[in-house]
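Examining the three-dimensional arrangement
Letter by letter, the chains look like this.
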Amino acid sequence: MSSTAIVNIATLVTNDPSLGDTSPLGQVRDAAVVIDGDRIVWTGGSSEAPATDNRVDAAGRAVVPGFVDSHSHLVFAGDRTDEFNARMSGRPYGAGGIRTTVAATRAASDAELEANLTRLLTEALRQGTTTIETKSGYGLTPEDEARALRLAARHTDEVTYLGAHIVAPEYADDPAGYVDLVTGTMLDACAPHARWIDVFCEQGAFDGDQARAVLTAGRARGLHPRIHANQLTHGPGVRLAVELDAASADHCTHLTDADVDALAAGRTVATLLPGAEFSTRAAWPDARRLLDAGVTVALSTDCNPGSSFTSSVPFCIALAVRDMGMTPDEALWSATAGGAAALRRTDVGRIAPGARADLVLLDAPSHVHLAYRPGVPLVAGVWRRGVRAF
């Protein structure tokens, strides 16, 4: 294992206030960071950097933690361009389009699914994402859900069982029977391959009682809850998430004061997914309301073929700043440390001694350019687990 110093960094974002300017981002000016093996071992002023085996000159550019994308759906086949085109032409978004992807995914081979998965993971890595969660949810049979999780687990530690994405077509007239399958035979097949369990608690998917049954069954098998909550309408999902100590409640678009109060009082992270609102022309989540209430907020892509087909965290940062009331500092923190909190991780989402050496070199002097220059490819280098990937 060799050591590397990245020096002449204009602005280093550590997400550790004790290492920098005492702000949540813990910024260090004219900085350096030292990597040894797969870990960060030192941060500080560039002129004080210790001797290392290798040296990289950042040339006055910024370095930020690798993005932590805590919500994606990458194991799928097929294309929903026609659905997107129709939606942009006036048709509203609903949960039913998922069935199109289910049919294509069931028909695809393992090799086809894994090829698409690795393509999207590489695409995300090139844009600075070094930790990513991904879900099943496009198979909806015990066999297809289990194979999706097996494939995902080859590429990421953050794997989520989402058999309760929608009611499978075969159970359209028997949703209770499908919940029994999700919490029984399907859970048995999937639990060994996942860390998390999720449910789409929404009109057209699963109600509060069904969501509770799914999450409590998964928790009994050692899977920790997360939940798709309050995306399309007001509903019970957010408060159920807090009650069950879910790591995150994702979407959080339609919230009552009681929902916000519950999030502020609990450990559950509100994960906001602006790519979905962009792609469906829906109302934006009110990030400012959540932040002002003291809620921990994460930003993620929700990369999926139907409602948010983007793997770009920088794009989501720009949307959050422009349309959701976040400052550039808050958006970056939420896309890094916030995502780590949504995965209950302390080893990623920050640049500090002992953390995993995941970091991004920007072709800009400040992280503010992520929102200031939307759509511009600003990622000039990515290190993941101490190895430069790009």
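Preceding this paragraph is the structure being described.
Residues numbered from 1 in each chain as written. Predicted model: local features only at pLDDT ≥ 70, side-chain atom pairs only at ≥ 80, totals over all residues. Heavy atoms only, no water.

**A few points about the overall build of the protein**
In terms of regular secondary structure, the protein is built from 15 helices and 16 strands. What you see for the protein is a C-alpha radius of gyration of 21 Å, in line with the 21 Å of a compact globule of 390 residues. Counting only C-alpha atoms, the protein reaches 70 × 45 × 45 Å along its principal axes. The 390 residues of the protein split such that 58% are buried. The contacts in the protein between residues at least 6 apart in sequence include a share of 70% that link residues at least 24 apart. Summed over its atoms, the accessible surface of the protein is roughly 14300 Å², and 50% of this surface lies on carbon and sulfur atoms. Within the protein, one finds 34 positive and 47 negative side-chain charges whose respective centroids are separated by 3 Å. (Helix = DSSP H or I, 4+ residues; strand = E, 2+ residues; numbered from the N terminus. Rg over C-alpha atoms; globule rule 2.2 N^0.38 Å. Buried < 20%, exposed > 50% of the residue type's maximum accessible area, 1.4 Å probe, protein only. Contact = heavy atoms within 4.5 Å. Areas by Shrake-Rupley, 256 points an atom, 1.4 Å probe, with all protein chains shown as cover. Lys, Arg positive; Asp, Glu negative; His and termini not counted. Charge placed at Lys NZ, Arg CZ, Asp CG, Glu CD.)

**Quick word on the side chain of Thr129**
Among the secondary structure elements, Thr129 is positioned in strand β6 (residues 129-135). Using a relative accessible area of 5% as the deciding quantity, one classes Thr129 as buried. With residues near it in sequence (within four places) discarded, Thr129 still touches Phe67, Asp69, Ala124, Ser311 and Val313.

**What to know about helix α13 (residues 328-335)**
For α13, the set of buried residues is Ala331, Leu332, Ser334 and Ala335. The buried residues of α13 occupy an angular sector of 165° when the element is viewed end-on, so they sit on one face. (Arc of directions from axis to C-beta.)

**Details of the environment of Leu332**
Tracing the backbone through its elements, the reader meets Leu332 in helix α13. Under the relative-accessibility criterion, Leu332 is labelled buried at 0%. Between the C-alpha atoms of Leu332 and Ala371, which are 39 residues apart in sequence, the distance is 9.4 Å. In this view, Leu332 contacts Val13, Leu25, Val64, Phe67, Ile317, His367 and Leu370; residues no more than four positions away in its chain are not counted.

**Focus on the sheet that holds strand β3 (residues 39-45)**
Strands pair in a sheet through their backbones, by hydrogen bonds, and they do so in one of two ways: parallel or antiparallel. Across the sheet, which stays open at both edges, the 7 strands sit in the order β3-β2-β1-β4-β14-β15-β16 with mixed pairing between neighbours. This sheet does not close on itself; its edge strands, each paired only once, are β3 and β16 (387-388). Here strand β2 (residues 27-36) pairs with β3 via 6 bridges, running antiparallel. By the bridge assignment for β3, Ala31 is matched with Gly45. (Pairing = 2+ DSSP bridges.)

**Considering the packing of helix α3 (residues 110-126) against helix α4 (residues 142-153)**
Relative to each other, α3 and α4 sit at 45°, their axes nearing to 10 Å. In this view, α3 runs oblique relative to α4, as classed from their interaxial angle. When the axes of α3 and α4 are compared, the crossing they make is right-handed. In this structure, α3 uses Asp110, Leu113, Glu114 and Leu117 to contact α4, whose residues at the interface are Arg147, Leu151 and Ala152. (Axes fitted to C-alpha atoms, helices over the stretch in contact; angles between N-to-C directions. Parallel < 35°, antiparallel > 145°, perpendicular 65-115°, else oblique. Left-handed = near helix turned anticlockwise from the far one by under 90°.)

**Regarding the packing of aromatic side chains**
Summed over all chains, the structure comprises 5 aromatic pairs. On the basis of an interplanar angle of 55° and a centroid distance of 5.5 Å, the ring pair of Tyr171 and Tyr178 is categorised as tilted. The exposure class of Tyr178 is buried, given its relative accessible area of 0%. Note on Tyr178 and Phe206: the rings are 6.3 Å apart at their centroids and 25° apart in plane angle, and the pair reads as stacked. Remark: Phe206 occurs in the loop between β8 (196-201) and α7 (208-220) and Tyr178 occurs in helix α5 (residues 175-183); sequence separation between them is 28 residues. (Phe/Tyr/Trp six-rings, centres within 6.5 Å; stacked < 30°, edge-to-face > 60°.)

**Notes on the nonpolar core**
The biggest cluster of nonpolar side chains holds 83 residues, and the ones touching the most others in it are Tyr161, Tyr178, Ile227, Leu290, Leu299 and Ile317. By size, the runner-up hydrophobic cluster in this structure holds 16 residues, among which are Ile6, Ile9, Ile351 and Ala357. (Core = buried A, V, L, I, M, F, W, Y, C linked by side-chain atoms within 4.5 Å.)

**Considerations on the packing of α5 against α7**
Interaxial distance between α5 and α7 falls to 9 Å at its minimum, and their mutual angle equals 15°. Looking at the two axes, α5 sits roughly parallel to α7. Of the two elements, α5 crosses α7, and the hand of that crossing is right-handed. Of the residues in α7, those in contact with Pro175, Val179, Val182 and Thr183 of α5 are Gln210, Ala213, Val214 and Ala217. Grouping the constituent residues of the contact of α5 with α7 by class yields 6 nonpolar, 2 polar and no charged. (Nonpolar A, V, L, I, M, F, W, Y, C, P; charged D, E, K, R; others polar.)

**Focus: helix α9 (residues 257-265)**
Where α9 is concerned, the buried positions are Asp259, Val260, Ala262 and Leu263. Along α9, the residues classed as buried sweep out an arc of 160° about the axis, all on the same side. Exposed residues pointing more than 90 degrees away from the buried face of α9 are listed as Asp257, Asp261 and Ala265. Buried positions along α9 lie against α8 (237-243), β12 (269-272) and α11 (287-292).

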